[in-house]
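Spelled out, the chains give:
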Amino acid sequence: MEELMDKLKGEIILQLNLEGLKNEDIDSDATLFGEGLGLDSIDALELIVLLEKNYGIKISNPADGKKIFQSIRTMAEFINENKK
Amino acid sequence: MEAFIKGIGIVSPQKTFNTHEFLTELKEYNTNSLRCVEPVYTEFLNPVLARRMGRTVKMGIAASSVCLKDSGVEMPDAIITGTALGCHEDTEKFLLAIIDNDEQFLTPTSFMQSTHNTVSSQIALQLKCMNYNFTYVHKGFSFESAVLDGLMTLEDSDAKNVLVGGHDEMTDRHFTITQRAGFWKQENVATMDIVNSKTPGSVSGEGAAFFMLSNEESDKNYAKLRAVKMIFNPGSEDEIENGITDLLYEKGLTTDDIDCVIYGISGDVRFDNSYYDIQKTLFNTNTAAYFKHLSGEYQTSSCFALWEAAMILKTQTIPKSILIGENKKKHIKNVLIYNNYMNTYHTVFLLSQC
């Protein structure tokens, strides 16, 4: 799990071009949107594509997005549960 | 149609950003591709927004921010830009993603940022400016078209201050492709040797420059922009000569009234004769300067020349690094820019001292 979360952090930094941030700067339990990492709706689209491209996971119900993208940990848990 | 240049902001391969110094410290290269000396963007851009922006967007916004500050105008009555390549870095990103991912998994950011009007729209978003906003994409006439629209907007509307800019960026991939097409020199050339180069191709360049055009007179204005003229694919040298002399006649001037002519000499042996021919036939005794050894060649490079002309008139100096021969005039009242892109897009600007 820790390994997956670290990998995920690196992928998010790269995909969202979070200049100046390192993996260790991102708290695994901090919220991704709003106050935490400060991501927005365009980033949400990028994260959906990242999950599909890197892990082969499609989010079929958009309403689930809020829960899945709450933090790095919830994303990693979702990947573990759904990875093909 | 005339306007005062009230403020300027420019990012270029020289140290021109956020300074009123006029090429006091020359940055010399030995290359066939010049890239901009980029500022630290955090001062001008929200980091959250900046991470999505390509270089040309960042350069454009930084240059426009300095121009707005320099002019003291908080809300321009129009924002008009000219660019030939637009946001090329982002265009490449999403086109490569289409290929690499077999037309799957396309993300929105690069596509959104790749449109040619991204710079003008981002400036408007930052300022919350709902006024006229337009971007011209006309290859070697892109910047000139923006300037012409700026002058017309000032004349035909209630507008008092119009922000006009030009920007283009070079990417490694675009350089490689266009070099294969023979655009650029195969060999590296030192900055001050470009004028004497006798090989085909020029040194590629890039940059972003913004000008606040205004109909308000002020002691702080840089210069008066009196005319811009475009001559597309002239059939003969006479057509260019007549274009220049007609423009001067319209403004009540002759070639003798021009104190300095700025040429777009690029070191490309195929095209530079057009400048030397005009110099020989029209401006044989006038002071001559040039600019593309400092900016490099690109479709909107005349924005660098316009900065150079405005600075000459404002400071009443012509730095040695841009002078061809000697400066024959102590008092510089009128400056003419003659430039062409690939000998197809010929342009003329006329500026006068305020």
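Residues numbered from 1 in each chain as written. Chains lettered and ligands numbered in written order. Predicted model: local features only at pLDDT ≥ 70, side-chain atom pairs only at ≥ 80, totals over all residues. Heavy atoms only, no water.

A. Examining the interface of chain B and chain A more closely. Counting residues at the interface gives eleven residues for chain B and 15 residues for chain A. Summing both partners gives a buried area of about 1100 Å² for chain B against chain A, and 53% of it is carried by carbon and sulfur. Linking chain B with chain A are three salt bridges. The partner of Asp43(A) in a salt bridge is Arg52(B), and the shortest N-O contact between them spans 3.0 Å. Run the count over chain B and chain A and you get seven residue pairs in polar contact (both at pLDDT 80 or more). Here the side of chain B that touches chain A gets three residues from one element, more than from any other, and that element is helix α4 (residues 108-114) of chain B. For the side of chain B that touches chain A, the class distribution of residues is five nonpolar, three polar and three charged. (Contact = heavy atoms within 4.5 Å. Buried area = accessible area lost by both parts, 1.4 Å probe. Salt bridge = Lys/Arg side-chain N within 4 Å of Asp/Glu carboxyl O. Polar contact = N/O pair within 3.5 Å; in protein donor to acceptor, adjacent residues only side chain to side chain. Helix = DSSP H or I, 4+ residues; strand = E, 2+ residues; numbered from the N terminus. Nonpolar A, V, L, I, M, F, W, Y, C, P; charged D, E, K, R; others polar.)

B. Broad picture of unusual backbone geometry. Residue and element names in this part refer to chain B. Located in the positive-phi region is Lys139, a residue other than glycine, with phi close to 45°. With respect to the helices and strands, Lys139 occurs in the loop between β4 (132-136) and α6 (142-156). Despite not being glycine, Asn343 shows a phi value in the positive range, around 60°. Mapped onto the secondary structure, Asn343 falls in the loop between β12 (334-341) and β13 (345-352). Asn343 gets classed as partly exposed once you look at its relative accessible area, which sits at 31%. (Buried < 20%, exposed > 50% of the residue type's maximum accessible area, 1.4 Å probe, protein only.)

C. Representation of the side chain of Ser28(A) in the model. Tracing the chain through its elements places Ser28(A) in the loop between α1 (2-15) and α2 (41-55). With sequence-adjacent residues up to four places away left out, Ser28(A) is seen in contact with Met5(A), Lys9(A), Ser71(A), Ile72(A) and Arg73(A).

D. Quick peek at helix α7 (residues 172-180) of chain B. Residues and elements named next belong to chain B. Within the sequence span of α7, burial applies to His174, Phe175, Thr178 and Gln179. Considered in projection along α7, the buried side chains sweep an arc of 130° and stay on one side of the axis. For α7, the exposed residues set more than 90 degrees away from the buried face come down to Asp172 and Arg180. Considering only its buried residues, α7 is in contact with α3 (88-100). One or two steps after α7, the chain reaches Gly182, where phi turns positive at roughly 90°. (Arc of directions from axis to C-beta.)

E. View of α6(B). All names here are of chain B. An ideal rise of 1.5 Å per residue puts 21 Å on 15 residues; α6 measures up with 21 Å between its terminal C-alpha atoms. Across the 15 residues of α6, eleven count as buried, placing the element largely inside the fold. Looking at α6, one finds that the buried residues are Ser142, Phe143, Glu144, Ser145, Ala146, Val147, Asp149, Gly150, Leu151, Thr153 and Leu154. (Expected span 1.5 Å × (residues − 1).)

F. Spotlight on the packing of α1(A) against α2(A). Residues and elements named next belong to chain A. Contact pair α1 / α2: the axes reach a minimum separation of 11 Å and the direction vectors enclose 125°. One element, α1, and the other, α2, form an angle in the oblique class. Relative to α2, the crossing made by α1 is right-handed. In this structure, α1 uses Leu4, Lys7, Leu8, Glu11, Ile12 and Gln15 to contact α2, whose residues at the interface are Glu46, Leu47, Leu50, Asn54 and Tyr55. Among the residues making up the contact of α1 with α2, the classes are represented as six nonpolar, two polar and three charged. (Axes fitted to C-alpha atoms, helices over the stretch in contact; angles between N-to-C directions. Parallel < 35°, antiparallel > 145°, perpendicular 65-115°, else oblique. Left-handed = near helix turned anticlockwise from the far one by under 90°.)

G. Structural detail: the domain arrangement of chain B. Residues and elements named next belong to chain B. You can read the domains of chain B as domain 1 (3-214) and domain 2 (226-352). Computed from C-alpha atoms alone, the centre-to-centre distance between domain 1 and domain 2 is 22 Å. With 52 residues of domain 1 at the interface, the matching set in domain 2 holds 41 residues. Between domain 1 and domain 2 lies a buried interface of about 3800 Å² when both sides are counted; carbon and sulfur atoms form 73% of it. A per-residue breakdown of the area domain 1 buries against domain 2 is headed by Phe22, Phe141 and Glu144, which together make up 20% of the total. At the junction of domain 1 with domain 2, the criterion picks out zero salt bridges. Viewed at the interface, domain 2 and domain 1 are joined by eleven residue pairs in polar contact (both at pLDDT 80 or more). Among the elements of the structure, β1 (3-11), α6, β5 (161-168) and β7 (207-214) are those that each provide at least two residues to the side of domain 1 that touches domain 2. Here the side of domain 1 that touches domain 2 is composed, by residue class, of 24 nonpolar, 21 polar and seven charged. (Domains from an automatic or database assignment.)

H. View of the packing of aromatic side chains. Residues and elements named next belong to chain B. All told, the structure shown has 16 aromatic pairs over all chains when counted by the stated rule. On the numbers, 6.4 Å between centres and 5° between planes, the contact of Phe175 with Trp184 is stacked. For the residue pair Phe175 and Trp184, the accessibility class agrees, reading buried in each case. Seen in terms of ring centroids, Phe291 and Phe304 are 6.5 Å apart; in terms of plane orientation they differ by 25°. Their pairing is stacked. Taken together, the residues span a long stretch of sequence, with Phe291 in the loop between β10 (287-290) and α10 (292-295) and Phe304 in helix α11 (residues 302-315) at a distance of 13 residues. Just as Phe291 is buried, Phe304 falls in that class too. Linked through ring pairs, Phe22, Phe291, Phe304 and Trp307 together constitute an aromatic cluster. Sitting over the ring of Tyr222, Lys314 keeps its end group 5.4 Å from the ring centre. (Phe/Tyr/Trp six-rings, centres within 6.5 Å; stacked < 30°, edge-to-face > 60°. Lys NZ or Arg CZ within 6 Å of the ring centre and 35° of its normal.)

I. Fine view of the pairing of β13(B). Residue and element names in this part refer to chain B. Most of β13 is tucked away, with eight of its eight residues classed as buried. By the alternation rule, side chains of β13 split into Tyr345, Thr347, Phe349 and Leu351 and His346, Val348, Leu350 and Ser352, which are all buried. Sheet topology places strand β8 (residues 223-232) next to β13; eight bridges connect them, and they run antiparallel. Across the sheet, Met230 pairs through a bridge with Thr347, a residue of β13. When β12 meets β13, the two strands line up antiparallel, connected through eight bridges. Following the sheet pairing, Leu336 is matched in β13 by Leu350. (Pairing = 2+ DSSP bridges.)

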